[in-house]
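Residue strings, one per chain:
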Amino acid sequence: MTSPFKSTGQAPDGHTAFFPTTRAAALERLSDFAPLAGRHYAAQRNRDPGPGERDNVSLLSPYIRHRAITEHEVIAKVLAHHSPKAAEKFVQEVFWRTYWKGWLQMRPQVWRSFLDERDIEQARLARDNGLREAVAAAEAGRSGLEGFDHWARELVETGYLHNHARMWFASIWIFTLRLPWTLGADFFMRHLLDADPASNTLGWRWIAGIQTPGKTYQASADNIARFTDNRFRPTGLAPQAPAIRDEAPPPPGALPAPRTLPRDRRVLLLLHGDDFNGHELLPKGTNVAAVAVTPRGHPDMPWPFGPKAATWVDALAKDAVQHAGEALQKPASVLPRPHADALRVQCVAASVTTIATPEAPVGPLADALDTLAHELAEDGIEIIPLRRTWDDLAWPHATHGFFRFKRKIPALLARNGL
Ligand SMILES: Cc1cc2nc3c(=O)[nH]c(=O)nc-3n(C[C@H](O)[C@H](O)[C@H](O)COP(=O)(O)OP(=O)(O)OC[C@H]3O[C@@H](n4cnc5c(N)ncnc54)[C@H](O)[C@@H]3O)c2cc1C
């Protein structure tokens, strides 16, 4: 078998070469990585030996982010190889993702203010030549800073960066190059295959010192050299990393209650890029007329933000069509965009007035579903978003910091049957 951690070199671009666009490939990678997810991961995960050399992290995030495989599946497989104690670090990292999702779910205004601030900075790019050139040089890997330039190119070419590289990159962007954090977060959102409104926005906020008051992340040449196996030792990094502003994060708001699907409903199932495995959410015996899988956002809210990531998610959606169609034994098709007219046609053809869909957490797909719900309500078509048990159990605990949330992990695993 070809190593899942090396590029096959045969695919047309770095994205599909490193991250083949099938659930089967993700499951194979999970099988290969699970034996390494215990002490090996705990001891080695902070090292970044470079593309094609990583067996110390799972490289599963693009699949987990779109739920081509689920957090539950990943942890179940890992716990089949390790005790909860041995796999503690890995399990915690997966729960970081869940924690960030829950945190943002209770504070949607943080996502909106990121978008607003980004738009203001983008408008500034148009009139500020110096800023425009500095951002263009940083994104093209022409800053002259060792390591940083490599990561900028790696991100664009492969759609992935190691966690430590993301931290170094964001820190250098903010504190050494003194560029607006929202433009850096936007650069990641356009190129990462795992681009996620929660993990990305809150990760950048944390580095900048606006997520956890009093905490920033400072990249240092020694730390970079040590954890890149001496591949990089940049000079001229900022000697200090003061928080970019003094701001307390907003308190949590109420989580909207999860919806349930009435038992006797015949439905059209709409899967989207926040959950390509959403067919699992249908109660047993649901009368499914057909399945539509959409990889993109609403026509008014483009998603994914970057063209290469969008092409990659399109391919993953094609795979999801096959998988969901086979699992439910129902006709399934790709809907290039979740357009109200196209959905109306599908509902009429299938004689349904209910669209069941996985709940989309805060972000462009949630906005898309809200807009569609309004557009389709005029025709008597109802969209019912269904929340995963995983999210339903965990999100309410993301009220404070991760330290407090972490204490709930054993109970959450037990309640998930893990
Ligand atoms: C500035 C910044 C931006 C980031 N943007 C994103 C993003 O857009 N999407 C995204 O999925 N992750 C993001 N992360 C988190 C993390 O870097 C990636 O999830 C991780 O590098 C993915 O690689 P992996 O699958 O090999 O991780 P592994 O180390 O193998 O971890 C297993 C899984 O746990 C989750 N995970 C691991 N570390 C984190 C973390 N720090 N925060 C949240 N979840 C984590 C991921 O789902 C990952 O697949 C960001 C981190 C930083 C510092």
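This is a predicted model, so every value here is computed, not measured.

Trainee: Looking at this model, I keep getting lost on the site of the ligand. Mind explaining?
Mentor: Near the ligand you find 27 residues, and of these Tyr41, Ser58, Leu59, Asn163 and Asp194 are the closest. Arg97 has a polar backbone atom sitting 3.4 Å from a nitrogen atom of the ligand. Between the ligand and the protein, one listed contact pairs a nitrogen atom with a side-chain N or O atom of Asn200 at 3.3 Å. Burial of the ligand by the surrounding chains reaches 95%, relative to a free accessible area of 820 Å². When contributions to the shell around the ligand are tallied by element, the ones reaching two or more residues are helix H4 (61-65), helix H6 (88-105), helix H10 (163-176) and helix H12 (197-208).

Trainee: Looking at this structure, how should I read the packing of aromatic side chains?
Mentor: Centre-to-centre distance and the angle between the planes together describe a pair of aromatic rings. Per the counting criterion, the structure on display carries 28 aromatic pairs. Judged by centre distance (5.5 Å) and plane angle (35°), the rings of Trp111 and Phe114 are tilted. Taken as a pair, Trp111 and Phe114 lie in helix H7 (residues 108-127) at a separation of three residues, close to a single helical turn. By relative accessible area, which is 1% here, Trp111 ends up buried. With a relative accessible area of 1%, Phe114 lands in the buried category. Plain terms: the ring middles of Trp173 and Trp204 are 6.2 Å apart, the flat faces sit at 85° to each other, and that makes the pair edge-to-face. Taken together, the positions of Trp173 in helix H10 and Trp204 in helix H12 put the pair 31 residues apart, joining distant regions of the chain. Here the two residues Trp173 and Trp204 agree in accessibility, since each one is buried. Taken together, the ring pairs in this structure connect Phe95, Trp96, Tyr99, Trp100, Trp390, Phe402 and Phe405 into an aromatic cluster. Seen from the ring of Tyr160, Arg166 lies directly overhead, with NZ or CZ sitting 5.4 Å from the centre.

Trainee: Whenever I open this one, the pairing of strand E5 (residues 382-386) confuses me. Can you help?
Mentor: For a regular strand, the rule is simple: side chains alternate between the two faces of the sheet. The pairing of strand E4 (residues 354-358) with E5 spans five bridges and is classified as parallel. If you follow Thr357 over to E5, its bridge partner there is Pro385. For the crossover from E4 across helix H16 (residues 364-377) to E5, the handedness is right-handed.

Trainee: Before we go on, may I ask you to explain the side chain of Ser171 in this structure?
Mentor: Its place among the elements puts Ser171 in helix H10. For Ser171, the residues in contact, after removing those within four places along its chain, are Thr176, Ile207, Tyr217, Gln218 and Ala219.

Trainee: Is there a simple way to explain the packing of H10 against helix H11 (residues 181-191) in this structure?
Mentor: Geometry of a packed helix pair, given as the angle between the helix axes and the separation of the axes. Interhelical geometry of H10 versus H11 gives an angle of 145° and a closest axis separation of 9 Å. Classified by chirality, the crossing of H11 by H10 is right-handed. Between H10 and H11, the residues in contact are Arg166, Phe169, Trp173 and Ile174 and Trp181, Leu183, Gly184, Phe187 and Phe188, respectively. For the contact of H10 with H11, the class distribution of residues is seven nonpolar, one polar and one charged.

Rules of the game
Residues numbered from 1 in each chain as written. Predicted model: local features only at pLDDT ≥ 70, side-chain atom pairs only at ≥ 80, totals over all residues. Heavy atoms only, no water. Near = heavy atom within 4 Å. Polar contact = N/O pair within 3.5 Å; in protein donor to acceptor, adjacent residues only side chain to side chain. Areas by Shrake-Rupley, 256 points an atom, 1.4 Å probe, with all protein chains shown as cover. Helix = DSSP H or I, 4+ residues; strand = E, 2+ residues; numbered from the N terminus. Phe/Tyr/Trp six-rings, centres within 6.5 Å; stacked < 30°, edge-to-face > 60°. Buried < 20%, exposed > 50% of the residue type's maximum accessible area, 1.4 Å probe, protein only. Lys NZ or Arg CZ within 6 Å of the ring centre and 35° of its normal. Pairing = 2+ DSSP bridges. Right-handed = clockwise from strand over helix to strand, strands pointing away. Contact = heavy atoms within 4.5 Å. Axes fitted to C-alpha atoms, helices over the stretch in contact; angles between N-to-C directions. Left-handed = near helix turned anticlockwise from the far one by under 90°. Nonpolar A, V, L, I, M, F, W, Y, C, P; charged D, E, K, R; others polar.

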